[in-house]
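Chain by chain, the residues run as shown.
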Amino acid sequence: MLINHKKKRIFLHNPKCAGMSFSKYLIEEHGYFFVGDKEYPYEYEYDYKWNIEPLPVGYFTFCVARNPIERFKSYYRYVVQHQQKYNGNINDFVKEHYKDLEQQYRYLQNSNYVIRYDMLYKYDTHLGYLLPNRYCLNKTENMNVSLSDESMAILLQHYRLDYKHMQLLGLL
């Protein structure tokens, strides 16, 4: 979680939604700082969950959301390419790790505003932010991953609340 007391804004970092890139941008360009043990979240492994419960009153909260299936595919690519901790196919990965990537609905429920992942590199008139390409971190090579019907069913069931909240917010 990043906070800017001057602007009274809080960024809730939703994993695998360009959060590391957006965090770095907010820190360097807009005076946000990380609430937690580490000064710069994009240089460390850290807990994505915000650590202030409840969130401060009077602050505007926002997050980035992504299509849950595409988000999970990105998680798979990240584990395979960057962490090099898995060498199986995506369908086996779904069966073994579908619960590892936290659902997004908690971030959506606690945000006053949600930026669609695919809109990050366009100027956001509501927030006044435009993420420059130089802040692209953890970018994975485009691995062509194809989900089986069984894997798709597992993910759709697991992320059903994400889809529900994203549809209610007009994000899908």
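Scroll up a little and you will see the structure.
The rules behind these values
Residues numbered from 1 in each chain as written. Predicted model: local features only at pLDDT ≥ 70, side-chain atom pairs only at ≥ 80, totals over all residues. Heavy atoms only, no water. Buried < 20%, exposed > 50% of the residue type's maximum accessible area, 1.4 Å probe, protein only. Helix = DSSP H or I, 4+ residues; strand = E, 2+ residues; numbered from the N terminus. Contact = heavy atoms within 4.5 Å. Salt bridge = Lys/Arg side-chain N within 4 Å of Asp/Glu carboxyl O. Core = buried A, V, L, I, M, F, W, Y, C linked by side-chain atoms within 4.5 Å. 1 Å grid on protein atoms, 1.4 Å probe; cavity = no way out; pocket = protein on both sides within 12 Å on 5 of 7 lines; lining within 4 Å. Points joined across faces, edges and corners; volume = space filled by probe spheres on them. Nonpolar A, V, L, I, M, F, W, Y, C, P; charged D, E, K, R; others polar.

J.: With reference to specific residues and values, describe helix 6 (residues 160-168).
T.: In an α-helix, one full turn covers 3.6 residues, which means residues spaced three or four apart are oriented alike. Of all the positions in helix 6, only Asp 162, Tyr 163, His 165 and Met 166 are classed as buried. Against strand 4 (60-65), helix 2 (68-83), helix 4 (105-109) and helix 5 (149-158) lie the buried residues of helix 6. A positive phi of about 75° marks Gly 170, the residue just after helix 6.

J.: Please give an account of the pattern of salt bridges that cites residues and values.
T.: Inspection of every chain in the model, using the stated rule, returns four salt bridges. Between Asp 118 and Arg 116 there is a salt bridge, and its shortest N-O distance comes to 2.6 Å.

J.: Quick rundown of the nonpolar core? Include the residues and the values.
T.: Core analysis: the biggest nonpolar cluster contains 18 residues, and Phe 22, Leu 26, Phe 62 and Tyr 129 have the highest contact counts within it. At the level of elements, helix 1 (19-30) and strand 4 are the ones that each hand at least two residues to this core. For this core, the element with the highest residue contribution is helix 1, accounting for four residues. With near-sequence residues (within four places) excluded, Tyr 129 lies in contact with Lys 7, Arg 9, Phe 22, Tyr 25, Leu 26, His 30, Tyr 32, Phe 62, Lys 122, Tyr 123 and Asp 124. In this structure, Tyr 75, Tyr 76, Val 79 and Val 145 belong to the second largest nonpolar core, which totals 15 residues.

J.: How would you explain empty space enclosed by the protein if you had to name every residue and give the values?
T.: Counted by the stated rule, this structure contains one cavity of 30 Å³ or more. Its volume calculated, the largest cavity comes out at about 50 Å³. Residue lining of the largest cavity: Phe 22, Ile 115, Met 119, Leu 120, Lys 122, Asp 124, Tyr 129, Leu 130 and Leu 131, and that is the complete set. Split by residue class, the lining of the largest cavity holds seven nonpolar, no polar and two charged.

J.: Give a description of unusual backbone geometry that names residues and reports values.
T.: Phi angles above zero are rare outside glycine, and Lys 8 is one such case at about 55°. A relative accessible area of 40% means that Lys 8 is categorised as partly exposed. In this structure, Lys 16 is a non-glycine residue whose phi angle is positive, near 65°. Note on placement: Lys 16 falls in the loop between strand 2 (9-12) and helix 1.

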